[in-house]
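Fold and geometry: a report
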Amino acid sequence: MVGYLARRVLMAFVTIFVIVSLSFYMVRLMPGNPMQYLEFQLEQQGNTDPEQIRQQVQAIYGVMPSGPLWQQYLTYIGNVFRGDFGVSLLNPGQSVASIVVSALPWTLLLVGTSLLISFGIGMVVGRAIAAHPDTVFARVMTGIVSFLSAIPQYLVAIVFIYLLADIHHFFPITGAYSNNTTPGFNWGFIASVIYHAILPVTSYVVVSFAAWALTMKGSVTTVLGADYVRAAEARGLGDRRVTRTYIGRNAMLPMVTSLALSLGYMFGGSVFIETYFSYPGLGYRLISAVNSRDYSLMMGCFILITVAVVFANLIVDLIYPLVDPRIISPASRRRTRPAAAAAATDVVDLANPVATKM
């Protein structure tokens, strides 16, 4: 167990280090180096002193642009691991770290809430469709989720903005809260935040829950043909218990990885939804940085997303053995099968370690 944990943690840090290094070289080796672009902008502003220009570029990017590339790399790595990502070009005087920290709570609120709601609804709907495929509910819901999963999130956001905000004025169009409220832990501000988040969250959930439902349906359909499910039915267990314990819990295992990775990607925000609703999350900041060539802010966002996804994957690797011990000890699955007199019971016990923990 210790060796397994050590390998996973080491791999996570190596992955982050490689991504940070690649981001450094990719930005500096691409045509139209951003530091050269910034130097050109400063020259256009009338600043003709080369030394002063280099000092201003160094203050923004944290490295000396005229130094050797390896020296720039070492300085950059040192700054990043100290949490210094430079200064934003789009917001002069503000550090990238402060911008990311201020935008992160809004993204966690919007995308995190949407993701958990869509995941929960999708799991319930997908399991119900797969467990009872011949019912009217299953046929209708299959058509609905198939249709919704094919619709882009930004299209749903545009429709909601037009119908519910522009025409009928049920919800606000932009912002995270009203300008006439005082930010803080008070009911007026909290109510305004919830009111402004309803439309973006709904836009996200409408499409995302359908994708989760289809994924869960496929996972449940695969589990339905397993030996331990047929053995449980042969033992006369109730349909509800078979669906909940033997089908639902085992079908959830592959979904754990998808959910954790989605939580990692959540830190990148929902670019289209945050942009259309002018919601001040990381996705909105990222697209603004791309449009304005704010490379410092772009790289800060990319590194945050990388770290979040890597650590989400690491958490899955650490938690998954608790759900399925066979991850660490594959040999534990190779057991001697008992006598035929107890075959039905033992098929359930051996093939379904999740259910036997109930």
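All values reported here derive from a predicted model rather than from experimental measurement. (Residues numbered from 1 in each chain as written. Predicted model: local features only at pLDDT ≥ 70, side-chain atom pairs only at ≥ 80, totals over all residues. Heavy atoms only, no water.)

What to know about unusual backbone geometry
Quick note on the threshold: Helix and strand definitions follow DSSP, with helices as H or I runs of at least four residues and strands as E runs of at least two, each counted in order from the N terminus.
The backbone of His-169 shows a phi angle near 60°, a positive value even though the residue is not glycine. Relative to the elements of secondary structure, His-169 occurs in the loop between α7 (153–167) and α8 (187–224). Of note in this structure, Ser-278 is not a glycine but carries a positive phi near 50°. Along the polypeptide, Ser-278 turns up in the loop between α11 (271–276) and α12 (282–292).

Some points on the packing of helix α6 (residues 136–149) against α8
The test is simple: Lines are fitted to the C-alpha atoms to define the axes, a helix being fitted only along its stretch in contact, and any angle between axes, read from their N-to-C directions, falls within 0 to 180 degrees. Reported orientations rely on four angle classes, namely roughly parallel under 35 degrees, roughly antiparallel over 145, roughly perpendicular from 65 to 115, and oblique for the rest. The sense of a crossing depends on the near helix, which, turned anticlockwise from the far helix by less than a right angle, makes the crossing left-handed and, turned clockwise, makes it right-handed. The contact definition used throughout considers only heavy atoms, calling two residues in contact when any of these lie within 4.5 Å. The nonpolar class holds Ala, Val, Leu, Ile, Met, Phe, Trp, Tyr, Cys and Pro. Asp, Glu, Lys and Arg form the charged class, and all remaining residues, Gly among them, are polar.
One way to put it is that α6 packs onto α8 with a least axis distance of 8 Å and a crossing angle of 125°. Relative to α8, α6 is oriented oblique. Every pair of crossing elements has a handedness; the one defined by α6 and α8 is left-handed. Judged by residue contacts, Thr-142, Val-145, Ser-146, Leu-148 and Ser-149 of α6 engage Val-206, Val-207, Phe-209, Ala-210, Ala-211, Ala-213, Leu-214 and Lys-217 from α8. Grouping the constituent residues of the contact of α6 with α8 by class yields 9 nonpolar, 3 polar and 1 charged.

Remarks on the UniProt feature "transmembrane region" (unreviewed entry) in the protein
Applied cut-off: UniProt positions are given in the numbering used here, feature names are shortened, and annotations may be inferred rather than shown by experiment.
In this numbering, the UniProt entry assigns the feature "transmembrane region" (unreviewed entry) to residues 9–27, 103–125, 137–165, 185–214, 251–277 and 297–323. Annotated as residues 103–125, this span is 100% helix and 0% strand, and its ends, taken at the C-alpha atoms, are 33 Å apart.

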